[in-house]
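Single-letter residue listing:
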Amino acid sequence: HRDLHSFPTRRSSDLPIAWRTLWITTFCLTLSFTTWFMVSAIVVKLTGIGFKFTPQELFWLNAMPGLAAGTLRIIHTFLIPVFGTRKTVTVSTLLLAIPAVGWGFAVTNPNTSYSTFMILAFLAGLGGGNFSSFMPSTSLFFPKTKQGTALGIQAGIGNFGVSLVQFVTPAILGLALVGTPQTF
């Protein structure tokens, strides 16, 4: 498998690698957006399932992933040139498991502290940060004539993660894949 550093020039013979990279990074970007926006889908249900947070606390929980993502995007700008596409996409996607699993456990215990939720909300912002390295890496693999199409596919399908999480999260809270089901 080739990585960013082995692409001194973009040739048409490199397009199969470029398309494979596009589909992998697009799938990972969908997971990123899902993780990033899951907090907004969960926060609106927290008081209904037994958490005693104030409206201000809920606001900050909802705002934290966006604040984290904005900060992490600065860091992500430098990851592809330093570590390459494969390592950056792999590690940053695997890190999404921490907030996803953490929120799964946190909502099952009404005694979970507000600070724990804030840390998990910050970690959910990892998904928003990924955008700043996944999209530019796609440009590196495609010739200029195909970059617009590739970036359009990646952004369009990647943003599907937002709709997916808004639709699926309430059902997952009710199923309780971890702990006991939460009823609203």
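Just above, that's the structure.
All values derive from a computational prediction rather than experimental measurement.

J.: How should I be thinking about the packing of helix α1 (residues 15–46) against helix α7 (residues 144–158) in this particular structure?
T.: When two helices pack together, their arrangement is given by the angle between the helix axes and by the axis-to-axis distance. At a minimum axis separation of 8 Å, α1 and α7 run at an interaxial angle of 25°. Considering their axes alone, α1 and α7 lie roughly parallel with respect to each other. Of the two elements, α1 crosses α7, and the hand of that crossing is right-handed. Of the residues in α7, those touching α1 at L15, W19, L22, W23, T25, T26, L29, T30 and F33 are K146, T149, A150, I153, Q154, I157 and G158. Its residues placed into classes, the contact of α1 with α7 shows 9 nonpolar, 6 polar and 1 charged.

J.: What is the right way to read the side chain of T88 from this model?
T.: Along the polypeptide, T88 turns up in helix α3 (residues 85–94). Accessibility expressed as a relative area gives 5% for T88, which makes it buried. Here L79 takes part through its backbone oxygen, which lies 3.4 Å from a polar atom of the side chain of T88. Dropping the residues within four chain positions of it, T88 is found in contact with L79, I80, F83 and S133.

J.: Would you mind showing me how to read the packing of helix α2 (residues 55–83) against helix α6 (residues 126–141) here?
T.: Closest axis-to-axis distance for the α2/α6 pair is 7 Å, and the angle between their directions is 30°. When the axes of α2 and α6 are compared, the crossing they make is right-handed. For the pair α2 and α6, contact is made by A69, L72, R73, H76, T77 and I80 and by L126, G128, G129, N130, F131, S132, S133, S137 and L140, respectively.

About the cut-offs
Residues numbered from 1 in each chain as written. Predicted model: local features only at pLDDT ≥ 70, side-chain atom pairs only at ≥ 80, totals over all residues. Heavy atoms only, no water. Axes fitted to C-alpha atoms, helices over the stretch in contact; angles between N-to-C directions. Helix = DSSP H or I, 4+ residues; strand = E, 2+ residues; numbered from the N terminus. Parallel < 35°, antiparallel > 145°, perpendicular 65-115°, else oblique. Left-handed = near helix turned anticlockwise from the far one by under 90°. Contact = heavy atoms within 4.5 Å. Nonpolar A, V, L, I, M, F, W, Y, C, P; charged D, E, K, R; others polar. Buried < 20%, exposed > 50% of the residue type's maximum accessible area, 1.4 Å probe, protein only. Polar contact = N/O pair within 3.5 Å; in protein donor to acceptor, adjacent residues only side chain to side chain.

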